[in-house]
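Descriptive structure summary
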Amino acid sequence: MREAVAPSLDRERVFASFFQAGFECSTHRRADGNRLDLLQATGHAAHCLADYRQVKSLGMKTVRDGVRWHLIEAAGSTGRTWDSFLPMLRASRETGVEVIWDLMHYGWPDDVDIWKPDFVRRFAAFAAATARLVRSETDRVPFYCPINEISFFSWAGGDSALMNPMAEGRSFELKVQLVRAALEATEAIRAVDPRARFLYCDPVVRIFPKPDHPDDVQHAIGYENAQYQAWDMLSGALWPQLGGDPSFLDIVGVNYYPNNQWYYEGEALHQGHPLRVPFSTILADVAARYGRPVVVSETGAEADQRAGWFTMIADEVERALFDGIDVQGICLYPIIDHVGWDDERACESGLLSIEMSDGARRTHAPLEQVLHAQRQRLPLW
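Report follows, based on the coordinates. (Residues numbered from 1 in each chain as written. Predicted model: local features only at pLDDT ≥ 70, side-chain atom pairs only at ≥ 80, totals over all residues. Heavy atoms only, no water.)

**Examining the overall build of the chain**
The condition that has to hold: Here a strand is any run of E in DSSP of at least two residues, a helix any run of H or I of at least four, and the numbering for each starts at the N terminus. Only C-alpha atoms enter the radius of gyration; for comparison, a globular chain is expected to reach 2.2 Å times N to the power 0.38, where N is the number of residues. Only protein chains enter the accessibility calculation, which uses a 1.4 Å probe; a residue is then buried when its area is under 20% of its type maximum, exposed when over 50%, and partly exposed in between. Should any heavy atoms of two residues lie within 4.5 Å, those residues are considered in contact. Each accessible area is a Shrake-Rupley result for a 1.4 Å probe, and residues are judged covered by the shown protein chains and nothing else.
Check the secondary structure of the chain and you find 13 helices and 14 strands. Here the chain has a C-alpha radius of gyration of 20 Å; the compact-globule value for 381 residues is 21 Å, and the two agree. With respect to the principal axes defined by its C-alpha atoms, the chain has extents near 55 × 55 × 40 Å. Among the 381 residues that make up the chain, the fraction classed as buried is 57%. For the chain, restricting intrachain contacts to residue pairs at least 6 apart in sequence, the fraction spanning at least 24 positions comes to 74%. Accessible area of the chain: about 15,500 Å², with a carbon and sulfur share of 51%.

**Examining the side chain of threonine 138**
Heads up, the rule is: Each polar contact in these results corresponds to two N or O atoms within 3.5 Å; when the atoms are within protein, one needs to be able to donate a hydrogen and the other to accept it, and residues that are neighboring in sequence are counted only if both atoms are side-chain atoms.
When you line up the elements, threonine 138 lands in the loop between α6 (117–137) and β4 (143–145). Looking at threonine 138, its side chain comes within polar contact range of the main-chain nitrogen of arginine 140, at 3.2 Å.

**Thoughts on the pairing of strand β13 (residues 352–357)**
The two faces of the sheet receive side chains in turn, since in a regular strand these alternate between them. How we decide: Pairs of strands are assigned from DSSP output, requiring at least two bridges between the strands.
As paired elements, β13 and strand β14 (residues 360–363) share three bridges and run antiparallel to each other. Following the sheet pairing, methionine 356 is matched in β14 by arginine 361. With antiparallel pairing between neighbouring strands as the criterion, β13 and β14 make up a hairpin whose turn holds two residues, including aspartate 358 at a positive phi of roughly 55 degrees.

**Looking at the packing of aromatic side chains**
Within a pair of aromatic rings, the relevant descriptors are the distance that separates the centres and the angle that separates the planes. Short version of the rule: Any two of the Phe, Tyr and Trp rings considered here, Trp counted by its six-membered ring, make a pair once their centres fall within 6.5 Å; the pair's planes then place it as stacked at under 30 degrees, edge-to-face at over 60, or tilted in between.
Going through the model one piece at a time under the given rule, you end up with 23 aromatic pairs. With a centroid separation of 5.3 Å and an interplanar angle of 15 degrees, the aromatic rings of tryptophan 69 and phenylalanine 126 are classed as stacked. Note that tryptophan 69 is positioned in helix α4 (residues 69–72) and phenylalanine 126 in helix α6, a separation of 57 residues in sequence. On the basis of relative accessibility, which here comes to 1%, the residue tryptophan 69 falls in the buried class.

**Digging into the sheet that holds strand β5 (residues 197–203)**
As a reminder of what qualifies: Angles run from 0 to 180 degrees between N-to-C directions of axes, and those axes are lines fitted to C-alpha atoms, restricted for helices to the stretch in contact.
Spatially, the eight strands close up into a barrel ordered β1-β2-β3-β4-β5-β7-β9-β10, and their pairing is parallel. Between one strand and the next, the sheet's axes are offset by a mean angle of 25 degrees, whatever the strand orientation.

**Things to note about the environment of tyrosine 52**
Looking at the element boundaries, tyrosine 52 is found in helix α3 (residues 48–57). Owing to a relative accessible area of 0%, tyrosine 52 belongs among the buried residues under this scheme. Sequence separation between tyrosine 52 and threonine 95 is 43 residues; the distance between their C-alpha atoms is 6.7 Å. In this structure the side chain of tyrosine 52 is engaged in a polar contact, spanning 2.6 Å, whose partner is the side chain of aspartate 65.

**A few points about the environment of glutamine 271**
Looking at the secondary structure, you find glutamine 271 in the loop between β8 (261–263) and α11 (279–290). Separated by 73 residues in sequence, glutamine 271 and glutamate 344 place their C-alpha atoms 27 Å apart. If near-sequence neighbours (up to four positions away) are discounted, glutamine 271 is found in contact with Arg276, Trp309 and Met312. At 2.9 Å, the side chain of glutamine 271 forms a polar contact with the side chain of arginine 276.

Structure (structure tokens):
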């Protein structure tokens, strides 16, 4: 099977490694008002140096990680405090790990009103300040994900009131505001460091009408097409008055989990369901639509499903590579078992445990074995 992926080796290599690690870094407020900080809850904020060393030893030299805006510009402060970020930045430099920095992973300072024009200005200024600090600390070409999952964020915070800003019926309005902020932030970063690369990621989904509800066909199509709106706005294909342009859509990140295909207003389609669309087909659709490098920016499963799910993802990515799709990597997300957003349950979804022992985390052996096997089978870089 190695010969099948050989044509992909001639193309540009965007990242330091094909297999990547994603550190869950959500900082949003829940509907009950409590703010999450997953970097603190998983202990990664305190053990970033050890974590970077461990994932690098496992062959993952590129990671996704977060810059916590709400701590750097805390409400009521008169300036920026970087002590929550500098240890992570310096740990990445010390270990040689390449980081894609999420600048806004659902959370923002409490004194910012996300609906107001000042949100756009404030976020762009924060992005530029982060870029200046990163450039002062390292000579590497920087990678940024300015705003994580704009489309999902808009649904969860603007339609379903599941997270901040806890709104209903304002999803498209929130999406426009987030795209506007992302565009301004991208320009602000480029003004500081023209070398910067940008990742914009969102879930990729498939939605089907139930067999006994044929009238839902158009509703299902509409909901499925909404997954592209943020990318289309960034590229200027939709609402070009926002200032979008193809140059803003640098690298397209697709987030894909076991429940990303479902019946309209119904249940998720299980693995093996005859309606499920192969992941390689979804990758091909995204690549054809945007003509940009694609990375699987989040993927993973829980408990005993972890190894089998990752095997399937790698197999489907190999098929996409064989078909000429420019897939630049697969990011295991989250790499550390994490704490549930809503109920703070222990989610066994990572390669690494939350608990530290002798400076390292325990690995989930079946997933580690699969990762090792896939690195041998897909020796891309």
